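Close look at the chain arrangement
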Amino acid sequence: MSKKRTTKRKRAKKPSGTTVLQDPAGAVAEVVGEPDIPSRLPILPVRGTIVFPGTIIPLGIGRASSRQLLEQSLAKSKVIGLAAQIDEEQEEPGFDGVYKTGTAAVALKLIRQQDETMTLIVHGMDRIRLDKLVKARPYMTARVTPLNQKPGRGRAFTATVNQLRDLALELIDLTPNAPDQARNVLMNVESPAGLVDYLAANLDIGLPDKQRLLDELSVSKRAKEVHRLLSQQLQLARLQNKIQQDVEASIGEGQRRLYLREQMRAIQEELGEGDGSAEVIDDLHRRLVEAAPPEKVMDETERELSRLEMIPPASPEYSVIMSYVELIAELPWSKVSKDRLDLRHAREILDRDHFDLDKVKKRLIEYLAVRKLNPDGRGAILCLVGPPGVGKTSLGQSIAEALGRRFARISLGGVRDEAEVRGHRRTYIGAMPGRLIQEVRRCGTNNPVIMLDELDKLGNDFRGDPASALLEVLDPRQNHAFTDRYLDVPFDLSKVMFICTANYVGNIPPALQDRLEMIEIPGYTDHDKLAIARKYLVPRQMKDHGLKASNCAFRADGLRKIIDGYTREAGVRELERQVGAVCRGVAAKVAQARRVPAKALIDAAAVPDYLGAEKYIRDLDTRTGVPGVVLGLAYTSVGGEVLFIEATRYAGKGNVKLTGQIGDVMKESAQAALSLFKSRAESLGCEPGVIADSDQHIHVPAGAVPKDGPSAGVAMYTAIVSLMTGRPVKKGLAMTGEITLRGKVLAIGGVKEKTLAADRLGIDTVLLPEQNRRDLDEIDPAVRKRLTIKLVEDVDQVLKLAIPGLKPKRAG
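Please read all numbers here as calculations on a predicted model, not as lab measurements. (Residues numbered from 1 in each chain as written. Predicted model: local features only at pLDDT ≥ 70, side-chain atom pairs only at ≥ 80, totals over all residues. Heavy atoms only, no water.)

**Concerning the overall build of the protein**
Along the protein, the regular secondary structure elements total 28 helices and 24 strands. Principal-axis analysis of the C-alpha atoms places the extent of the protein at approximately 155 × 65 × 60 Å. Counting only contacts in the protein whose residues sit at least 6 apart along the sequence, the fraction spanning at least 24 positions is 74%. Both charge centroids of the protein, one from 121 positive and one from 108 negative side chains, sit 4 Å from each other. (Helix = DSSP H or I, 4+ residues; strand = E, 2+ residues; numbered from the N terminus. Contact = heavy atoms within 4.5 Å. Lys, Arg positive; Asp, Glu negative; His and termini not counted. Charge placed at Lys NZ, Arg CZ, Asp CG, Glu CD.)

Structure representation (C-alpha cells):
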C-alpha cells in the first residue's frame, strides 16, 4: 500500500560530538510531492547506517553492484529501497545479509567523484518490509510492503514528546560545537512521529539499537525508548560539562602564569628573540621521565623544573638548578645490568687473571654462589687485605667481569674531606655530588662493582671524618636510602657491590671493620713470583715494549736473579718494573741496530748488564753472629719484614735509649724486656752492679721506616740477654712474639707474612709462640718445608734455642 503526502521539514547537518542532523548543503531541504512506493524496489545495502523516514543523509557508494543499481534504476525511478547490512564487514551481502525492515527513499542528488566512487543524497520516505527476493544480480531487487505506523495518543504520549523536545534542546546547549540552526530545526518539527525518528537518527547508539527503533511501528513505544536513550546521553553530557567546569576552576595562578609565559615565549620566537630555554627544559623533562625516578624524587625534581621556568637564563641560580636536574635525569634509577652468575665462568676468569690465591678465589666463588641463589639478598661487604702489588685491585676488576657488571674504582688514599663521600650542599658555589654518586652516574647502571681502594689510608681533619661517612654506605641495612647532600633525595645503593681494599687492618676504624668481611691476601713466595713473571709479567712487558719472541727470551735463572737481587717485596709490582727495565734495554738495542740483532737471552749473567749492580744483598752473616744482634719479624702495611734489632751498652747509670723510629707500643715492649732481664739477671749469670753502672741502647735499623707493635718483645729481650752475657745469637734464626713480665710468650698476628719474609731473606729457623700453632696451616707448604719452625711458651725456651751454651736458671 502506498501513500502520498507533502512535507516540509528542516534538517541540520550532524556536527562532531552532537546529535543534530543537517542536510549536506547546510540549508533547509524541501521535498514536495513524494512519489509512490512501487511493490518492487531495487535494494541498496547500507553499511553502518540506518536511514529513518523524514531524514536526509549522504551515502557513499563504492561497490560495483551499488553503482550499477544507481546507473540503471535512477533512470526509471528516483525511489529505491535502503536496508542496513547485518555484517558490516561483508563486501557483497545477499538478501539474508540485510535487515528485513528498511526505508523507502527518494534520490535527491548523485555526485560522481574522480576516483569512480559516488555520493548519493537521499531523503527517507517510509518504513518498508522486504518480503521476497526477486533477483540478486546484477543488483538486489525485492518485493516490499510499506508499513503503517500506530500513532500515539493520550496526555502521557504528548508529555513524553514535549519532554523529548526539551531534553534535546538541553543537549544542544551542552554540546560545544552544535550549529546555530539546530535549535530552529528541532522547534519546527511538528509531527510527533517525525520528531521521534529525527532524534532516533541522531542518537549516539549502535546499529542494532537503531535498527530496533526502525522495527518498532508503535510511535508511543518508540518515543519511550528514544526518551530513555536520550536521557542517558544527556546525563553523560551533564557529567562531562561538570568535569570541564571543575578543571577550569582548578587552573590556579601558577598555571595562568605558565600559560602567559608560553604566550610570551611564542611572541619572542616570532620576533627572533627566543633564548631556546623552553626546548632545553622540555628536553630535561623528557629525559627525566625516561630515567623513571621514584615518585618522591620526581615530584621534587618537577618543582625544581617549575622554578627553572620562572628564572631567567642569565641568573646564577639557573645553572645551579639546571646541573641538579641534569644529575637526576642521568642517574640510573631503574637501569640494571643483568648478572651473569656462571660460577664456572667466574672461576675461569679468576684463574686467568691471578696465580694461586686458591683460598681467596674460593671465598669469592662462595660469595657469587650466594648471589645466584638469592639475588635480592644483602650480602656482606668484602675487604681484601694484603700488601701492595698482590692483585687486590685486579681481583675486583675480575669479579666485575665475571658478573658482567660495570666497574668503578674510588681511591680513598689521603681523602680527608667528608664531602668526598656525601657531596656538598647546593648552597655552596661549585658544589658537586660525592664520589659515589658520580661513579654510579658514570657507570650508567645502579648495580656496578665499586672498589673503595686504600681504605686504611683515609684521613680526617676539621672538614670531617670520611671514614664515619662510609659507615652508612657500607652497611647493607642502611645504604638502600643513601642521601647525598647535593642530591638531597634518597638513592638506593643496596644493589651496588662494594669491594674494599687495605694494606693494614689496624688503620681501619673498629666501627668500619665491623661492617666488613676481611679476606686476607698474603704475599707471594719466590716460587710464586717466578711463575707469575713467566705467565703474566714478561708477556705483558714484552708486548708493551714492542718486543717479539724472536727478540728476547727470559730464562728462569735470570728471573730468579731479578727476584733475589733487585726486589724485596711481598707483591710483584717492583718485579714488573724491573722486568720492564730489562725490556727497555733490549728494545733500545733492537731499535738502534742496523741489522736484526741476535735474540737476547736474559739469564743470571745478563741481568746486571741491564739493571746494574744488585740492590739487595743477603748480609745475614755479616750483620749477625755478634752479641746483641737479633733478627725479629714484623708485619707491616707492605707485608712481612725482617728487623735487625741491635743492642749495645756503655758506662752510665742503668738507663735505656731506644732509636729507629719505633712506636709507643714497641717502646713499651723494650721497657718490658729490660725489666724482665733485670728480674732474671742473676739467673742468667750477670752481676747486678754491671747493669747499674751501664746504659743500654736498643736500635732498630732502617730508621726512615715507622715500626710499632708488641711482637718484637721476645727479640728485644733476647738481644739484651745476648749483649749482657756476651753470647751471640745463633745465625739464621729469627723470632717473633709478645712477652709478659712473667716471661710468657704470647700469640701474635701475621704469621704467614712473617714466615714469607724470613724465607725471602734466607733464614733457616723461626721461633713462634706456642699459641700460634693454629696458624701453621696457613703457611705456604713450600715455605714451611724450607723453614724449621719452633714453638715456644716462655723466654727460657727462647734462650735455649737462640743462644747455644746459655743455661739460665729458672726463676723460682
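Next comes the rest of the account.
**Description of the sheet that holds strand β23 (residues 765–769)**
Strand order across the open sheet formed by 7 strands is β18-β19-β17-β16-β20-β23-β24, with mixed pairing between neighbours. The open sheet has two edge strands with one neighbour each: β18 (656–659) and β24 (788–792). Strand-to-strand twist of the sheet, defined as the mean angle between neighbouring strand axes without regard to direction, takes the value 30°. Bridge analysis of strand β16 (residues 629–636) against strand β17 (residues 639–651) gives 8 bridges, and the strand direction is antiparallel. (Pairing = 2+ DSSP bridges. Axes fitted to C-alpha atoms, helices over the stretch in contact; angles between N-to-C directions.)

**Some details on a positive patch on the surface**
The grouping of Arg40, Lys76, Lys132, Lys135 and Arg143 at the surface amounts to a positive patch. Along the chain, lysine 76 turns up in the loop between α1 (64–73) and β3 (79–84). (Patch = residues over 30% accessible without salt bridge, like charges linked within 9 Å, V, L, I, M, F, W, Y side chains within 5 Å. Areas by Shrake-Rupley, 256 points an atom, 1.4 Å probe, with all protein chains shown as cover. Salt bridge = Lys/Arg side-chain N within 4 Å of Asp/Glu carboxyl O.)

**Side note on the sheet that holds strand β9 (residues 449–453)**
In spatial order, the strands read β8-β9-β12-β7-β13; together these 5 strands make up an open sheet with parallel pairing. The open sheet has two edge strands with one neighbour each: β8 (407–411) and β13 (516–520). Looking at each pair of strands side by side, their axes are set apart by 25° on average, direction ignored. Looking at chain direction, β9 and strand β12 (residues 497–502) are connected through 4 bridges and run parallel. The residue bridging valine 449 from the neighbouring strand is methionine 497, located in β12. In the packing of helix α12 (residues 358–373) onto the sheet, the strands contacted are β7 (381–385), β12 and β13, and the crossing angle to β13 comes to about 150°.

**Thoughts on the pattern of salt bridges**
One pass over the full model with this rule turns up 39 salt bridges. Linking arginine 212 and aspartate 209 is a salt bridge whose minimum nitrogen-to-oxygen distance equals 1.9 Å. Here arginine 212 pairs with aspartate 209, and both are found in helix α5 (residues 207–215), just 3 residues apart, close to one helical turn. Judged by relative accessible area, arginine 212 falls into the exposed class, the value being 52%. Residue class for aspartate 209 comes out partly exposed when judged on its relative accessible area of 29%. The closest approach of N and O atoms between glutamate 317 and arginine 307, which form a salt bridge, is 1.9 Å. In this pair, glutamate 317 is assigned in helix α10 (residues 316–330) and arginine 307 in helix α9 (residues 295–310), connecting sequence segments 10 residues apart. For arginine 307, a relative accessible area of 35% puts it in the partly exposed group. Each of Asp283, Arg286, Arg287, Glu290, Glu330 and Arg441 takes part in salt bridges that share partners, so that together they form one network. (Buried < 20%, exposed > 50% of the residue type's maximum accessible area, 1.4 Å probe, protein only.)

**Brief notes about the side chain of asparagine 503**
Among the secondary structure elements, asparagine 503 is positioned in the loop between β12 and α17 (510–513). Relative accessible area serves as the criterion here: at 5%, asparagine 503 is assigned to the buried category.

**So, helix α25 (residues 713–725)**
Over its 13 residues, α25 runs 18 Å from end to end, which matches the ideal 18 Å to within 8%, given 1.5 Å per residue. Burial runs high along α25: 12 of the 13 residues are buried. Three or more residues of α25 are buried, namely Gly713, Val714, Ala715, Met716, Tyr717, Thr718, Ala719, Ile720, Val721, Ser722, Leu723 and Met724. Just downstream of α25, glycine 726 is the residue with a positive phi angle, here 75°. (Expected span 1.5 Å × (residues − 1).)

**Regarding the packing of aromatic side chains**
The full count for this structure, using the stated rule, is 3 aromatic pairs. On the basis of an interplanar angle of 65° and a centroid distance of 5.0 Å, the ring pair of tryptophan 333 and phenylalanine 491 is categorised as edge-to-face. Separated by 158 residues along the polypeptide, tryptophan 333 in the loop between α10 and α11 (343–353) and phenylalanine 491 in strand β11 (residues 490–491) bring together distant segments of the chain. Over the face of the ring belonging to phenylalanine 95 we find lysine 100, whose NZ or CZ atom lies 4.8 Å from the ring centre. Here the basic side chain of lysine 135 rests over the ring of tyrosine 139, its NZ or CZ set 5.2 Å away from the ring centre. (Phe/Tyr/Trp six-rings, centres within 6.5 Å; stacked < 30°, edge-to-face > 60°. Lys NZ or Arg CZ within 6 Å of the ring centre and 35° of its normal.)

**With respect to the environment of lysine 744**
By secondary structure assignment, the location of lysine 744 is in the loop between β21 (738–739) and β22 (745–746). The class for lysine 744 is partly exposed, based on a relative accessible area of 46%. Taking the C-alpha atoms as reference points, lysine 744 and leucine 452, separated by 292 residues in sequence, lie 40 Å from one another. Those residues within four positions of lysine 744 in sequence are excluded, and the remaining contacts are Glu738, Ile739, Glu793 and Asp794.

**Quick word on the pairing of β12**
Where burial is concerned, most of β12 is hidden: 6 out of the 6 residues are buried. Alternating residues of β12 divide into Met497, Ile499 and Thr501 and Phe498, Cys500 and Ala502, and every residue in both groups is buried. Pairing of β7 with β12, which is carried by 4 bridges, proceeds in the parallel orientation. Across the sheet, leucine 384 pairs through a bridge with threonine 501, a residue of β12.

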